[in-house]
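Report on the structure
Given next are the chains, with one letter for each unit.
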Amino acid sequence: NAVMFPHLSKFNLQQWIDADKEKWGRRRTVWQDSDFITVVHRGPNRGKQFHINEGDEIFYQLEGELSFHYINSSDKREVLVLKPGEMFLLPANVPHSPRREEGSWTLVIERKRRPDEVDRWVWFCEKCDSKLYEAAPRSGEGPNDKANSSVEETNKRLRTDLTLSTCKRCGETLKVED
(Lines give C-alpha, C1' and ligand atoms only; values in the text may rest on other atoms or scores of the structure.)
Protein backbone atom coordinates (compact mmCIF):
# COMPACT_ATOMS: atom_id res chain seq x y z
CA ASN A 1 0.00 0.00 0.00
CA ALA A 2 2.43 2.65 -1.22
CA VAL A 3 1.63 6.28 -0.55
CA MET A 4 4.19 8.49 -2.17
CA PHE A 5 4.60 12.03 -0.96
CA PRO A 6 6.09 14.54 -3.41
CA HIS A 7 9.66 15.63 -2.80
CA LEU A 8 10.08 19.01 -1.10
CA SER A 9 6.53 18.77 0.20
CA LYS A 10 6.32 18.51 3.97
CA PHE A 11 3.74 16.44 5.78
CA ASN A 12 3.09 15.39 9.35
CA LEU A 13 4.11 11.76 9.71
CA GLN A 14 2.10 11.15 12.88
CA GLN A 15 -1.07 12.64 11.35
CA TRP A 16 -0.59 10.45 8.26
CA ILE A 17 -0.32 7.36 10.45
CA ASP A 18 -3.25 8.34 12.69
CA ALA A 19 -5.55 9.20 9.75
CA ASP A 20 -6.45 5.56 9.05
CA LYS A 21 -4.65 3.36 11.58
CA GLU A 22 -7.38 0.69 11.40
CA LYS A 23 -6.78 0.15 7.67
CA TRP A 24 -3.01 -0.28 7.83
CA GLY A 25 -1.29 -3.48 6.83
CA ARG A 26 2.15 -4.30 8.22
CA ARG A 27 3.97 -1.59 6.26
CA ARG A 28 3.50 1.47 4.13
CA THR A 29 6.03 3.18 1.93
CA VAL A 30 6.58 6.90 2.39
CA TRP A 31 9.17 7.34 -0.38
CA GLN A 32 10.94 4.97 -2.74
CA ASP A 33 11.48 7.30 -5.69
CA SER A 34 14.89 8.51 -4.50
CA ASP A 35 18.17 6.99 -3.35
CA PHE A 36 16.33 5.97 -0.17
CA ILE A 37 13.40 3.74 0.64
CA THR A 38 11.43 5.09 3.61
CA VAL A 39 8.87 2.78 5.17
CA VAL A 40 6.68 2.75 8.30
CA HIS A 41 6.30 -0.75 9.80
CA ARG A 42 3.49 -1.68 12.16
CA GLY A 43 3.28 -4.46 14.72
CA PRO A 44 2.46 -7.10 15.44
CA ASN A 45 4.78 -9.33 13.49
CA ARG A 46 5.79 -12.81 14.54
CA GLY A 47 8.41 -13.74 11.93
CA LYS A 48 11.59 -15.35 13.20
CA GLN A 49 13.62 -14.80 10.02
CA PHE A 50 16.64 -12.50 10.05
CA HIS A 51 17.21 -10.04 7.20
CA ILE A 52 20.67 -9.27 5.83
CA ASN A 53 20.86 -6.07 3.81
CA GLU A 54 24.06 -4.97 2.05
CA GLY A 55 23.42 -1.33 2.99
CA ASP A 56 23.05 0.55 6.27
CA GLU A 57 19.56 1.09 7.70
CA ILE A 58 18.20 3.70 10.12
CA PHE A 59 15.50 2.69 12.62
CA TYR A 60 13.42 5.29 14.50
CA GLN A 61 10.77 4.11 16.96
CA LEU A 62 7.56 6.12 16.74
CA GLU A 63 5.23 4.26 19.13
CA GLY A 64 5.40 1.15 21.30
CA GLU A 65 8.55 -0.94 21.60
CA LEU A 66 10.69 -2.70 19.03
CA SER A 67 12.58 -5.83 20.14
CA PHE A 68 15.42 -5.78 17.66
CA HIS A 69 17.13 -9.19 17.54
CA TYR A 70 20.50 -9.24 15.80
CA ILE A 71 23.50 -11.51 15.47
CA ASN A 72 26.68 -9.85 16.74
CA SER A 73 30.23 -10.26 15.39
CA SER A 74 30.71 -13.28 17.72
CA ASP A 75 27.72 -15.03 16.09
CA LYS A 76 25.58 -14.60 19.21
CA ARG A 77 22.10 -13.11 19.39
CA GLU A 78 21.58 -9.81 21.14
CA VAL A 79 18.32 -7.90 21.60
CA LEU A 80 18.14 -4.13 21.48
CA VAL A 81 14.87 -2.70 22.83
CA LEU A 82 13.92 0.55 21.13
CA LYS A 83 11.39 2.86 22.83
CA PRO A 84 9.48 5.80 21.32
CA GLY A 85 11.80 8.61 20.25
CA GLU A 86 14.88 6.36 20.14
CA MET A 87 16.79 5.53 16.97
CA PHE A 88 19.91 3.75 15.78
CA LEU A 89 21.99 3.07 12.69
CA LEU A 90 22.26 -0.58 11.68
CA PRO A 91 25.49 -1.29 9.79
CA ALA A 92 25.33 -3.24 6.54
CA ASN A 93 25.39 -7.05 6.61
CA VAL A 94 24.23 -7.48 10.23
CA PRO A 95 21.60 -10.24 10.43
CA HIS A 96 18.56 -8.70 12.13
CA SER A 97 15.00 -9.61 13.05
CA PRO A 98 12.84 -6.65 14.14
CA ARG A 99 10.00 -8.00 16.28
CA ARG A 100 7.05 -5.78 17.08
CA GLU A 101 4.04 -6.20 19.35
CA GLU A 102 0.62 -4.66 18.71
CA GLY A 103 0.89 -0.87 18.91
CA SER A 104 4.50 -0.74 17.74
CA TRP A 105 5.31 1.61 14.84
CA THR A 106 8.81 2.02 13.39
CA LEU A 107 10.17 4.30 10.67
CA VAL A 108 12.93 2.61 8.65
CA ILE A 109 15.15 4.34 6.10
CA GLU A 110 17.45 2.32 3.86
CA ARG A 111 19.15 2.93 0.57
CA LYS A 112 17.95 1.34 -2.64
CA ARG A 113 19.74 -1.85 -3.60
CA ARG A 114 22.28 -1.74 -6.38
CA PRO A 115 21.61 -4.22 -9.23
CA ASP A 116 24.34 -6.55 -7.93
CA GLU A 117 22.98 -6.63 -4.35
CA VAL A 118 20.74 -9.40 -3.06
CA ASP A 119 18.96 -9.34 0.26
CA ARG A 120 19.24 -12.53 2.26
CA TRP A 121 17.03 -14.12 4.89
CA VAL A 122 18.40 -16.48 7.52
CA TRP A 123 16.61 -18.56 10.15
CA PHE A 124 18.60 -19.22 13.35
CA CYS A 125 17.94 -21.60 16.21
CA GLU A 126 16.19 -19.65 18.98
CA LYS A 127 18.11 -21.66 21.62
CA CYS A 128 21.76 -21.79 20.44
CA ASP A 129 21.82 -19.34 17.47
CA SER A 130 23.05 -21.94 14.93
CA LYS A 131 22.06 -21.19 11.35
CA LEU A 132 19.14 -23.42 10.28
CA TYR A 133 18.35 -22.17 6.79
CA GLU A 134 19.20 -19.35 4.37
CA ALA A 135 17.33 -17.93 1.37
CA ALA A 136 18.52 -15.23 -1.01
CA PRO A 137 15.67 -14.07 -3.23
CA ARG A 138 16.14 -10.89 -5.23
CA SER A 139 14.71 -8.08 -3.17
CA GLY A 140 11.83 -6.10 -4.52
CA GLU A 141 10.74 -2.91 -2.91
CA GLY A 142 6.97 -3.24 -2.72
CA PRO A 143 4.54 -5.10 -0.48
CA ASN A 144 3.97 -7.86 -3.06
CA ASP A 145 7.56 -8.36 -4.13
CA LYS A 146 9.24 -11.73 -4.75
CA ALA A 147 11.29 -11.37 -1.57
CA ASN A 148 8.19 -11.22 0.66
CA SER A 149 6.52 -14.16 -1.06
CA SER A 150 9.76 -16.15 -0.89
CA VAL A 151 9.98 -15.59 2.89
CA GLU A 152 6.35 -16.74 3.24
CA GLU A 153 7.06 -19.84 1.12
CA THR A 154 10.20 -20.61 3.14
CA ASN A 155 8.26 -20.23 6.41
CA LYS A 156 5.69 -22.73 5.10
CA ARG A 157 8.47 -25.17 4.16
CA LEU A 158 10.08 -24.81 7.61
CA ARG A 159 6.70 -25.48 9.29
CA THR A 160 6.09 -28.66 7.28
CA ASP A 161 9.63 -30.06 6.98
CA LEU A 162 11.02 -30.44 10.50
CA THR A 163 14.42 -31.53 9.16
CA LEU A 164 14.83 -27.91 7.96
CA SER A 165 13.61 -26.28 11.19
CA THR A 166 15.31 -28.57 13.71
CA CYS A 167 18.75 -27.50 14.93
CA LYS A 168 21.48 -29.99 14.16
CA ARG A 169 23.58 -28.71 17.10
CA CYS A 170 21.10 -28.72 20.00
CA GLY A 171 17.96 -30.44 18.65
CA GLU A 172 15.63 -27.48 19.24
CA THR A 173 12.85 -27.07 16.64
CA LEU A 174 12.11 -23.52 15.51
CA LYS A 175 8.45 -22.57 15.92
CA VAL A 176 7.80 -20.79 12.63
CA GLU A 177 4.85 -18.40 12.51
CA ASP A 178 3.39 -16.30 9.71
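Residues numbered from 1 in each chain as written. Predicted model: local features only at pLDDT ≥ 70, side-chain atom pairs only at ≥ 80, totals over all residues. Heavy atoms only, no water.

**What to know about the overall build of the protein chain**
Within the protein chain, the regular secondary structure consists of three helices and eleven strands. Expressed as a percentage of the 178 residues in the protein chain, the buried residues total 44%. Sequence separation of at least 24 residues holds for 65% of the intrachain contacts in the protein chain that already meet a minimum separation of 6. As displayed, the protein chain has an accessible area near 9,800 Å², and 51% of this comes from carbon and sulfur atoms. (Helix = DSSP H or I, 4+ residues; strand = E, 2+ residues; numbered from the N terminus. Buried < 20%, exposed > 50% of the residue type's maximum accessible area, 1.4 Å probe, protein only. Contact = heavy atoms within 4.5 Å. Areas by Shrake-Rupley, 256 points an atom, 1.4 Å probe, with all protein chains shown as cover.)

**Structural notes on the nonpolar core**
One finds W121, W123, C125, C128, L132, A135, V151, L158, C167, L174 and V176 forming the largest nonpolar core, which totals eleven residues. Elements represented by at least two residues in this core include exactly β10 (120-124), β11 (131-135) and α2 (146-160). Each residue touching V176, except ones within four places of it in the same chain, is listed here: N155, L158 and R159. Ranked by size, the runner-up nonpolar core spans ten residues in total, among them F5, V30, V40 and L107. (Core = buried A, V, L, I, M, F, W, Y, C linked by side-chain atoms within 4.5 Å.)

**Quick look at the pairing of strand β4 (residues 57-63)**
Pairing of β4 with strand β7 (residues 87-90), which is carried by four bridges, proceeds in the antiparallel orientation. Directly across from E57, in β7, lies its bridge partner L90. (Pairing = 2+ DSSP bridges.)

**Description of the pattern of salt bridges**
Taken as a whole and assessed by the stated rule, the structure comprises 16 salt bridges. For E117, the salt bridge goes to R111, with nearest N and O atoms at 2.7 Å. We classify E117 as buried; its relative accessible area is 1%. Each of R77, R99, E126 and D129 takes part in salt bridges that share partners, so that together they form one network. (Salt bridge = Lys/Arg side-chain N within 4 Å of Asp/Glu carboxyl O.)

**Description of the environment of E177**
Mapped onto the elements of the fold, E177 is located in the segment after α3 (162-165). Other than its neighbours up to four places away in sequence, E177 contacts R46, K48, N155 and R159.

**Let's talk about the side chain of R28**
Relative to the assigned elements, R28 resides in strand β1 (residues 27-31). A distance of 3.2 Å separates a polar atom in the side chain of R28 from a polar atom in the side chain of D20. (Polar contact = N/O pair within 3.5 Å; in protein donor to acceptor, adjacent residues only side chain to side chain.)

**Brief notes about unusual backbone geometry**
Here the amide bond leading from G43 into P44 is cis, since omega sits at 10 degrees, within 30 degrees of zero. For P44, the position within the fold is in the loop between β2 (36-42) and β3 (50-52). Here the phi dihedral of D75 falls at roughly 65 degrees; this positive angle occurs in a residue that is not glycine. The phi dihedral of D129 falls on the positive side, at around 70 degrees, and the residue is not glycine. Mapped onto the fold, D129 is located in the loop between β10 and β11. Residue D129 is classed as buried on the basis of its relative accessible area, which comes to 14%.

**Concerning the confidence of the model for the protein chain**
Summing up the model confidence of the protein chain, the mean pLDDT is 88 and the portion of residues at 70 or higher is 90%. Averaged pLDDT values for the elements of the protein chain fall to 77 in α2 and rise to 98 in β7. Between residues 139-146, whose pLDDT stays under 50, and residues either more than four places distant or in other chains, the model counts 15 contacts. (pLDDT = per-residue confidence, 0-100.)

**Let's talk about the sheet that holds β2**
Pairing between sheet strands relies on hydrogen bonds along the backbone, with the strands arranged either parallel or antiparallel. Read from one edge to the other, the open sheet built from five strands follows the order β1-β2-β9-β4-β7, with strand pairing classed as antiparallel. The outermost strands of the open sheet, each flanked by one partner alone, are β1 and β7. Strand-to-strand twist of the sheet, defined as the mean angle between neighbouring strand axes without regard to direction, takes the value 20 degrees. In this sheet, strand β9 (residues 105-111) lies alongside β2 in antiparallel orientation, the contact comprising seven bridges. The residue bridging V40 from the neighbouring strand is L107, located in β9. (Axes fitted to C-alpha atoms, helices over the stretch in contact; angles between N-to-C directions.)

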